[in-house]
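One letter stands for each residue in the lines below.
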Amino acid sequence: MSRSRTLTRSVTVFARIADGKAAEVRERIRSFEHSPFATVAGVHFARLVVLEHAVQQQRPAGMSRKARLLDLLAHGGRPPRPDDLPHPYLMLTATVDGDPADFFRRLRLLGPDADAIWGDCAGYPGHYQQEPFVAFFAERSVRADYTFSGSPEGTVAQLTDALRLRRKVAAFAATAPGNADGMLRSRFRIAVDLEDERVPDPGPVARLELPDIQGIVLRGFADHSVAAHLFLSVTSGPQARRWLRTVAPEVTSAAEVGDRPARALHLGISHAGLARLGVPAAELKDFPEEFRDGMYAREDVLSPGRGTAPWQEPFTAPGAVDIVLLLTATDSAELEPWLDRLRAGIADSEGLRIVGEQQGGRLTDPRGDSRTFVEHFGFADGISQPRVAGYGRSAPGEVLPPGEFVLGMPDVDGDVAGRFLPPELSRNGSFLVYRKLEQDVPAFREMTEAAAGLFEGGADDVAAGLVGRRADGELLAPCPAAAHVRRANPRGALPGGSKLTRRHLMLRRGVPYGPYLPPGADDDGQERGLLFLAVVADPGRQFEFVQTEWMADGNAFGRGREEDVFTTAGGPGARILLAGAPPAYVDVPRPLVTCRGGEYFLLPGLDALRALGKPD
C-alpha cells in the first residue's frame, strides 16, 4: 500500500448553545446508540462535551497546616463553588486525517444527525449548504497542538489496513509449520512491500526567494563577534514610514549572506509597532494570538508560578517597543560608525525615539579554542541547529521545510505557514522571539559545587547532567531525559517520536551580553546573560509550546512538575533530580536564569518592508 502524504490533525470547536437548551442538547447526544462520527471518513477520535461550568475546584486530599489555615481564611470553611460560564457551549474535539476544512466538509454528510447535534447552537446554518456549514465550524475552531492517536503518522485507512494485515499474519503464524518463511513471503509479498515502508520522497522543495528574506532567518553570522540592538518607539506614523524608506535598502537579505558581509542589519516590528505605523486593524486581527498580545502580557504563562517581574527598560509596559534594529559586525571598528549613523538618522526622523539599547558579543572558549563560542555558564553554544530544506550545504541536523521559519512556505504539516495572514505584509517574513535572559553565574557555580560530592566527576558531572552536554559540546550518552538540551529537542524520546518533536523546533540566533566571569572569580555584581533570539513561523506551536510544555513542566519526561533549571526553576525548596548511579537530587536555592524583558517581532520580507515605507 502506498503512504498518503496527508497528516493527522487535531480539531477543537466551541459552539455557543442557546440559553436554556444545554440539557436538551446533552440528551440528544446521549440518545445516539453509536457514535455519529463512525460514519465520517478519516476520524481517529471524536468527542462531544456540553460545557456549562469551568473545572470545579477541588481541595487537595493532603493539605499542609499552613494551607488549611489559608483556605479557612479565604473560604470560611465553605465548600468550593463551581465557576459558572456566562453561556453554555458545545465542544467538539477530534483527531482527523487531512486539513480541518476537509473534515468540516465531511461532517456535513451526517445530515440530520448534524442538525440534531448543533441545531440549538447560535449561528448554526443547517447541513444543506456546504459553504455556510464549513464556515460555522471554521470560525469557531481553535488551534490544538495535541493528538489523540496512537499512530499520528498514519491515516485511518492505513491503520485499518495494517490491523487487517496483522490479523492475517497472526492467523497464518498460528497454523503454519515452523519452516514456513517461504510461504510467509509468498502469501504476503503484495501486502508487505519494503518500498512502501521507506520514508516517502517529499517532492521538490519550495524555492526560497532569498532576495526577499532577511538574512538572519537563514544564517547565524557566527563570524560576527559584536552586536548592538536598538529599540525604537513610533511617535509619528507617517514620519516613521518615511524613515523606513531610507533604512530598508540597508537591511541584509538572505541573498547577501553568501558573500560573508562584514556587517549586517535586520529589522523587526511588533504588533503595536505595525498599528502605530498605520497598518489597518483588519489586516492585523488574524496574526497569531501570541504576537497580538505581546510578550509582556504572556510572561506569567511563560514563567509559571513565579513570573519575572519587574522587567527592565525598555520592556516595562505592554507595547513599549515598536521596532528593533539588530546590528552585528565582525568587530567594533566595523560596528560603531554604522551604529552612530543609524542613531543620528533616527534622531532626525521626527517620527521615532530610541527607548533602549543593548550591546552583546561572542564569548570565546576560555579553554583556548578561539573557534568555539560559549555562553556565560561556560558551555559551547549554537550546537545542533535544524536546517532549512533547499538552503545551504548538507550538514548534520534535522532538515525542516522552509515554512517552519518562512511565512508563505510549506511547513511540516503540509500547510502554508501564515496562510490566513495578509500576504502583502507577511510573505517571506518570519517571527522573531526576543528575550533578555539574565544568568546568575555565581549561583550556578555554587550549586554545582554543593552537589559535586554526589558524582564521580564532581561539579563538571553535575553541570553536564543538567545541560545534557559536556562543556565542549559533547552530547552525553545516554542523554538524561530531562536535561536542558533534551527538553529543548526531545528527538525520539517522547511518544510520537521525531514526527512530534520536529513540529516544535526553532532557529536560535542568540548572543551573550555582559563580561565573562572567569572560573574562581568572586561575584563582580555586573549584569550578564543571553540575548535569546529565535526565528519561527508560529510563535505558539514552536516557542511557547517548548517553553510551557517542555521547559516549565516535567510531565512529558516523567518528572511531574519539575521545571528546567535553565529556564524557570529555582527558589526556596526547588530541586532537580539528576540522572546518575545512583540518581541524586540537586538543590536550586535561587533561579539561575531570569527573563528581564522581551517581545515578539515580525521580520518582514524586504518587499513588505519597502511597502510599509510608502506614504499613505
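Residues numbered from 1 in each chain as written. Predicted model: local features only at pLDDT ≥ 70, side-chain atom pairs only at ≥ 80, totals over all residues. Heavy atoms only, no water.

Enquirer: What is the right way to read the pattern of salt bridges from this model?
Expert: Proximity of charged atoms lets side chains of opposite charge pair with each other. One pass over the structure, following the stated rule, counts 35 salt bridges. Between Arg298 and Glu289 there is a salt bridge, with the nearest N and O atoms lying 3.6 Å from each other. The class of Arg298 is buried, set by a relative accessible area of 13%. Judged by its relative accessible area of 43%, Glu289 falls in the partly exposed class. A salt bridge links Glu398 to Arg502; its shortest N-O distance comes to 3.0 Å. Here Glu398 is found in the loop between β11 (387–388) and β12 (399–400), whereas its partner Arg502 is found in the loop between α19 (497–501) and β14 (507–508), with 104 residues between them in sequence. Beyond isolated ion pairs, a larger network of salt bridges with shared partners links Glu289, Asp293, Arg298 and Glu544. (Salt bridge = Lys/Arg side-chain N within 4 Å of Asp/Glu carboxyl O. Buried < 20%, exposed > 50% of the residue type's maximum accessible area, 1.4 Å probe, protein only. Helix = DSSP H or I, 4+ residues; strand = E, 2+ residues; numbered from the N terminus.)

Enquirer: Looking at this structure, how should I read helix α16 (residues 441–450)?
Expert: Residues spaced three or four apart along an α-helix point in a common direction, a consequence of the helix completing one turn every 3.6 residues. Every buried residue belonging to α16 is among Val441, Pro442, Ala443, Phe444, Met447 and Thr448, and all of these are buried. Looking at the buried side of α16, the elements it contacts are β13 (430–439), α17 (459–467) and β18 (584–587). Two to three positions downstream of the cap, the backbone nitrogen of Ala443 sits 3.1 Å from a side-chain oxygen, assigning the N-cap of α16 to Asp440. (Contact = heavy atoms within 4.5 Å. Polar contact = N/O pair within 3.5 Å; in protein donor to acceptor, adjacent residues only side chain to side chain.)

Enquirer: Is there a simple way to think about the pairing of strand β1 (residues 8–16) in this case?
Expert: Each regular strand carries side chains that alternate between the two faces of the sheet. The buried fraction of β1 is high, at seven of nine residues. Across two bridges, β1 lies against strand β4 (residues 141–142) in antiparallel orientation. Paired with Val13 across the bridge in β4 is Ser141. (Pairing = 2+ DSSP bridges.)

Enquirer: Help me out: how do you make sense of the packing of aromatic side chains in this one?
Expert: Each aromatic ring pair is specified by the distance between its two centres and by the angle formed by the two planes. Taken as a whole and judged by the stated rule, the model has 20 aromatic pairs. Relative to Phe104, the ring of Phe103 lies with its centre 5.9 Å away and its plane at 50°, an arrangement referred to as tilted. The two residues Phe103 and Phe104 agree in class, both being buried. For the ring pair Tyr124 and Phe133, a centre distance of 6.1 Å and an interplane angle of 70° mean the geometry is edge-to-face. Here the two residues Tyr124 and Phe133 agree in accessibility, since each one is buried. Chaining the aromatic ring pairs together yields one cluster made of Phe103, Phe104, Trp118, Tyr124, Phe133, Phe136 and Phe137. A cation sits over an aromatic face here: Arg263 above Trp338, 4.4 Å from the ring centre. Its guanidinium or amino end placed over the ring of Phe373, Arg362 lies 5.4 Å from that ring's centre, counting from NZ or CZ. (Phe/Tyr/Trp six-rings, centres within 6.5 Å; stacked < 30°, edge-to-face > 60°. Lys NZ or Arg CZ within 6 Å of the ring centre and 35° of its normal.)

Enquirer: I would appreciate a short explanation of the confidence of the model for the protein chain in the present structure.
Expert: Detailed reading of the predicted model is not advised wherever pLDDT is low. Per-residue confidence for the protein chain averages 86 on the pLDDT scale, and 85% of its residues sit at or above 70. This stretch, residues 1–6, has a pLDDT under 50; its non-local contacts, to residues over four places away or in other chains, come to 17 contacts. This stretch, residues 189–203, has a pLDDT under 50; its non-local contacts, to residues over four places away or in other chains, come to eleven contacts. (pLDDT = per-residue confidence, 0-100.)

Enquirer: I would appreciate a short explanation of the packing of helix α13 (residues 295–302) against helix α20 (residues 540–551) in the present structure.
Expert: Two packed helices can be described by the angle between their axes and the distance between those axes. With their axes 10 Å apart at the nearest point, α13 and α20 run at an angle of 35° to one another. Side by side, α13 and α20 meet where Arg298, Val301 and Leu302 of the first sit next to Phe543, Glu544, Gln547 and Thr548 of the second. Its residues assigned to classes, the contact of α13 with α20 comprises three nonpolar, two polar and two charged. (Axes fitted to C-alpha atoms, helices over the stretch in contact; angles between N-to-C directions. Nonpolar A, V, L, I, M, F, W, Y, C, P; charged D, E, K, R; others polar.)

Enquirer: Please explain the side chain of Ser253 as it appears in this structure.
Expert: In this structure, Ser253 sits in the loop between α9 (237–247) and β6 (263–269). On the accessibility criterion, Ser253 (6% relative accessible area) is buried. Leaving out residues up to four positions away in the same chain, Ser253 has contacts with Leu210, Pro211, Ile213, Gln214, Gly215 and Leu606.

Enquirer: In this structure, what is going on with the environment of Gly492? I would like to understand it.
Expert: Tracing the backbone shows Gly492 in the loop between α18 (484–488) and α19. Since its relative accessible area comes to 59%, Gly492 is described here as exposed. Considered as a pair, Gly492 and Arg502 are ten residues apart in the sequence and their alpha carbons are 9.7 Å apart. Not counting the four nearest positions on each side in its chain, Gly492 is found in contact with Gly497 and Ser498.

Enquirer: Got a minute to help me understand α13 in this structure?
Expert: Burial in α13 covers these residues: Met295, Arg298, Glu299 and Leu302. Here the buried residues of α13 occupy an arc of 140° about the axis, which is enough to place them on one side. Structural note: α13 exposes Ala297 and Asp300 on the side pointing more than 90 degrees away from its buried face. Looking at the buried side of α13, the elements it contacts are α12 (289–293), β13, α20 and β19 (593–603). (Arc of directions from axis to C-beta.)

Enquirer: Please clarify how the nonpolar core should be interpreted in this entry.
Expert: Note on soluble globular proteins: their nonpolar side chains tend to be buried together. By size, the foremost hydrophobic cluster in this structure holds 115 residues, and its most contacted members are Val217, Trp243, Leu267, Leu274, Leu325, Phe566 and Leu592. When residues no more than four places from it in sequence are discounted, the contact partners of Leu267 are Gln214, Trp243, Leu244, Val247, Val251, Ile323, Val324, Leu325, Leu602, Leu603, Pro604 and Leu609. Counting residues in each nonpolar core, the second largest holds 29 residues, with Ile17, Ala22, Val96 and Phe136 among its members. (Core = buried A, V, L, I, M, F, W, Y, C linked by side-chain atoms within 4.5 Å.)

Enquirer: Got a minute to help me understand the environment of Ala282 in this structure?
Expert: Residue position: Ala282 is located in helix α11 (residues 281–284). A residue is classified by how much of its surface remains accessible, and Ala282, at 57% relative accessible area, is exposed. Here the alpha-carbon distance between Ala282 and Pro422, two residues 140 residues apart in the chain, equals 9.5 Å.

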